[in-house]
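# Structural description and commentary
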Amino acid sequence: MTAAVGLDRLPRPVALLLGEAAGNLLAVSNRLDELLAGDGAALDAIVRGEGEGDRIVHDLLAVVGASKRDGPGRGPLIELGQAVDDVLDALEDVACCRHARPVDELAVLLLALRDGVREAAHAVASLEQPDRLETWLARGGDRDDEVRRLKRAGRAWLLVEQPDTELAIRGHELLERAEHLERACVRLRARLHAMTLSSSGL
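Residues numbered from 1 in each chain as written. Predicted model: local features only at pLDDT ≥ 70, side-chain atom pairs only at ≥ 80, totals over all residues. Heavy atoms only, no water.

Glancing now at the packing of helix α4 (residues 107–125) against helix α6 (residues 165–194). It is the contact of α4 with α6, at a shortest axis distance of 10 Å, that shows an interaxial angle of 20°. Taken together, α4 and α6 sit at an angle that is classed as roughly parallel. Between α4 and α6 lies a crossing of left-handed hand. Of the residues in α6, those touching α4 at Leu109, Leu110, Leu113, Gly116, Val117, Ala120, Ala123 and Val124 are Leu174, Leu175, Ala178, Leu181, Glu182, Cys185, Leu188 and Leu192. Partitioning the contact of α4 with α6 into residue classes produces 14 nonpolar, 1 polar and 1 charged. (Axes fitted to C-alpha atoms, helices over the stretch in contact; angles between N-to-C directions. Helix = DSSP H or I, 4+ residues; strand = E, 2+ residues; numbered from the N terminus. Parallel < 35°, antiparallel > 145°, perpendicular 65-115°, else oblique. Left-handed = near helix turned anticlockwise from the far one by under 90°. Contact = heavy atoms within 4.5 Å. Nonpolar A, V, L, I, M, F, W, Y, C, P; charged D, E, K, R; others polar.)

In structure tokens, the structure reads:
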């Protein structure tokens, strides 16, 4: 793996906003536990967290865009901010779908996705520590294997073992949103992986 962009190479406002984005992403993912436990208020907290994420990304894009220094670092940072926002959007969609149409048999899949989001958040927070970043990206890759296995099991249960048509439809809707979240996490990790010390031009 190539060396990661260190936050010490970035302006302090950018470093702070990236840390804030990582913390918010981690906090929102933790709320999924409460939602799965039946806490209806957790959905409101997830929606607020998604809105807070929008604010953080907006501020990040403004700070990066206002930089007067040339270099390729702006583009990757903008793409990173957008990738974080995509994960939050997808996580909110999963939470809303699960709250409106719960399918308890898919809870284990959602918990694996929660862990994937947590690992992505820790990776964002580790940009200044290449070794830690590599560790978190590797854990995310391992999590992908678990998620794929659980998705296969979920589809098999819906297609073969579920006679309730309405529940099967709800399950497929939730699986579709879960796949969107999975892909958003993969894209976020890909952005992090692609960022190198030489690309930092802010």
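Picking up where we left off.
A few words now on the packing of α4 against helix α5 (residues 130–161). In helix packing, the relevant descriptors are the interaxial angle and the interaxial distance, both defined with respect to the helix axes. Remark: α4 packs on α5, axes separated minimally by 9 Å, with the N-to-C direction vectors making an angle of 165°. Compared by their axis directions, α4 and α5 come out roughly antiparallel. The element α4 and its partner α5 pack so that their crossing is left-handed. In this structure, α4 uses Val108, Leu109, Ala112, Leu113, Asp115, Gly116, Glu119, His122 and Ala123 to contact α5, whose residues at the interface are Leu133, Trp136, Leu137, Arg139, Gly140, Arg143, Glu146, Val147, Leu150 and Lys151. Class assignment of the residues belonging to the contact of α4 with α5 gives a composition of 10 nonpolar, 3 polar and 6 charged.

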